[in-house]
Amino acid sequence: MDQIMMMTIEIIITAILSVEVYKLHCLSKSGALASLAVGVLLTYFGSVNAFFIMTFFVIVSFFATMKDIDKKMAMGLQEGQFGERGWKNVSAVAFPPVLFTILHYYLDVDETLYIIMFLTSIVVAGADTIASEIGVKDPKAYSIINFKPVQPGVNGGVSVRGTTVSTIAAFVIAVLGWVVMTASLDVLLLIPFLFGVFGNILDSIFGALFENRGWISKYTNNWSTEFISAVLAGLLWFYYLMP
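Residue numbering note: each chain is counted from 1, following its sequence as written. Per-residue local features of the predicted model are confined to residues with pLDDT of at least 70, and side-chain atom pairs are confined, for both listing and counting, to 80 or more; whole-chain, interface and lining totals are unaffected and use all residues. Based on all heavy atoms of the structure, the side-chain values leave hydrogens and waters out of the count.

Quick look at helix 7 (residues 160–182) now. Between its first and last C-alpha atoms helix 7 spans 33 Å; for 23 residues at 1.5 Å apiece the expected length is 33 Å, and the two agree. Every buried residue belonging to helix 7 is among Gly162, Ser166, Ala169, Ala170, Ile173, Ala174, Gly177, Trp178 and Met181, and all of these are buried. A positive phi of about 55° marks Ala183, the residue just after helix 7. Numbering goes from the N terminus for both helices and strands, where a helix is a DSSP run of H or I of at least four residues and a strand is a run of E of at least two. Working rule for helices: expected span equals 1.5 Å times residues minus one. Burial classes follow relative accessibility: with a 1.4 Å probe on protein chains only, a residue under 20% of its type's maximum area counts as buried, one over 50% as exposed, and anything between as partly exposed.

Before going further, it helps to examine the packing of helix 8 (residues 190–211) against helix 9 (residues 218–241). Angles shown run from 0 to 180 degrees and are taken between the N-to-C directions of axes, each axis being a line fitted to C-alpha atoms and, for helices, limited to the stretch in contact. Contact geometry of helix 8 with helix 9 gives a least axis separation of 8 Å together with a crossing angle of 140°. Here helix 8 and helix 9 pass one another in a crossing that is right-handed. Here Ile191, Phe195, Phe198, Gly199, Leu202, Asp203, Phe206, Gly207 and Glu211 of helix 8 lie close against helix 9, whose contacting residues are Lys218, Asn221, Asn222, Ser224, Thr225, Ile228, Ser229, Leu232, Ala233, Leu236, Trp237 and Leu241. Considered class by class, the residues forming the contact of helix 8 with helix 9 number eleven nonpolar, seven polar and three charged. For a crossing to be left-handed, the near helix must be turned anticlockwise from the far one by less than a right angle; the clockwise case is right-handed. Residues are treated as being in contact if the distance between any of their heavy atoms lies within 4.5 Å. Residues were grouped as follows: Ala, Val, Leu, Ile, Met, Phe, Trp, Tyr, Cys and Pro as nonpolar; Asp, Glu, Lys and Arg as charged; and all remaining residues, including Gly, as polar.

With respect to the element layout, Leu190 can be found in helix 8. Residues Leu190 and Trp178, spaced twelve residues apart in sequence, show a C-alpha to C-alpha distance of 9.6 Å.

Turning our attention to the packing of aromatic side chains. Describing an aromatic ring pair means giving the distance of the ring centres and the angle of the ring planes. Any Phe, Tyr or Trp ring, taking Trp's six-membered ring, that has another such ring centre within 6.5 Å forms a pair; planes under 30 degrees apart are called stacked, those over 60 apart edge-to-face, and the others tilted. Scanning the entire structure with this criterion turns up 13 aromatic pairs. When the ring of Phe45 is compared with that of Tyr106, the centres are 5.8 Å apart and the planes differ by 50°; the resulting orientation is tilted. One end of the pair, Phe45, is in helix 2 (residues 29–45); the other, Tyr106, is in helix 5 (residues 87–106), with 61 residues separating them in the sequence. A relative accessible area of 57% means that Tyr106 is categorised as exposed. Judged by centre distance (5.6 Å) and plane angle (40°), the ring pair of Tyr114 and Phe118 falls under tilted. Pair noted here: Tyr114 and Phe118 are both in helix 6 (residues 111–135), with a separation of four residues, about one helical turn. As far as burial versus exposure is concerned, Tyr114 and Phe118 are alike and both buried. Following the ring pairs from residue to residue traces out a cluster consisting of Tyr44, Phe45, Tyr105 and Tyr106. Over the ring of Trp215 we find Arg213, and its NZ or CZ is 5.5 Å from the ring centre. Counting as a charge over the ring demands two things of the Lys NZ or Arg CZ atom: a distance within 6 Å of the ring centre and an angle within 35 degrees of the ring normal.

If you trace the three strands from one edge of the open sheet to the other, you get 2-1-3, paired in antiparallel fashion. Sheet topology places strand 2 (149–150) and strand 3 (157–159) at the edges, where each strand pairs with a single neighbour. The pairing criterion is simple: DSSP has to find at least two bridges between the two strands. Pairing of strand 1 (residues 141–143) with strand 2, which is carried by two bridges, proceeds in the antiparallel orientation. Of the residues in strand 2, the one forming a bridge with Ala141 is Val150.

Averaged over all residues, the pLDDT of the protein equals 85, while 88% of them reach at least 70. What pLDDT reports is the predictor's confidence in each residue, on a scale of 0 through 100. The spread of mean pLDDT over the elements of the protein runs between helix 4 (residues 69–75), the lowest at 52, and helix 8, the highest at 96.

Our focus in this paragraph is helix 5. Bend is computed residue by residue as the angle between axes fitted to the seven residues ending at the residue and the seven residues starting at it. The sharpest bend along helix 5 comes to roughly 45°, located at Phe95, with the proline Pro96 sitting one to four residues further on. Of all the positions in helix 5, only Asn89, Val90, Ala92, Val93, Ala94, Pro96, Pro97, Val98, Phe100 and Thr101 are classed as buried.

Dropping the structure here:
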């Protein structure tokens with residue numbers, strides 16, 4: 001298929017998804033526009049595979065957000081007014097994978113290195129979203145720092161349910177992402193999986209140590225933990241596992 005035609009189709013899909021998730025109160029208007037911008041950037045600088053993985057993340061996030069949304073709203077633990085996310089949420093989550101994609105486009109970045117860093121950032125985002133949306137309903141939450149009981153939804157709070165489900169999700173995203181990006185199964189997919197889980201934990205640590213003190217916003221927490229995890233994953237492969 002002609003490249004321009006493929007890009008057009010991807011942009012149309014992104015636009016449709018952005019409108020639909022806005023209608024379903026998963027994104028605000030600004031969030032939907034930011035989502036469209038992310039889709040356009042990945043379409044131009046990336047590949048169909050990268051676009052597919054990001055789209056999969058959006059769909060997974062949608063189901064995680066909408067699950068038991070009435071209970072979350074009753075507890076006051078939803079994003080926005082109805083669970084919707086704004087442009088800051090979208091931009092923070094999308095910044096690392098889009099950045100790695102643009103760098104890969106302009107620089108002579110090794111393909112495997114790019115895939116590991118891109119996927120790791122997506123896995124961190126997916127695991128964190130699911131941990132937050134699913135774990136927030138677990139009444140037994142504990143501080144990631146001292147493991148003392150805390151209120152569900154508190155920054156730095158973790159639960160058995162949230163951690164378990166997010167770890168499973170991280171593995172699924174890592175496997176699917178690796179297959180889509182490389183058309184193969186390789187033990188290297190464990191790198192984005194493990195660093196995805198690490199990034200999810202790091203997000204909770206940053207939340208407890210920095211976000212609760214007002215030193216960083218949740219948006220900075222999101223993109224920085226994705227970025228750090230992806231860079232560490234890339235460094236591991238580059239210095240120790242690269243053929």
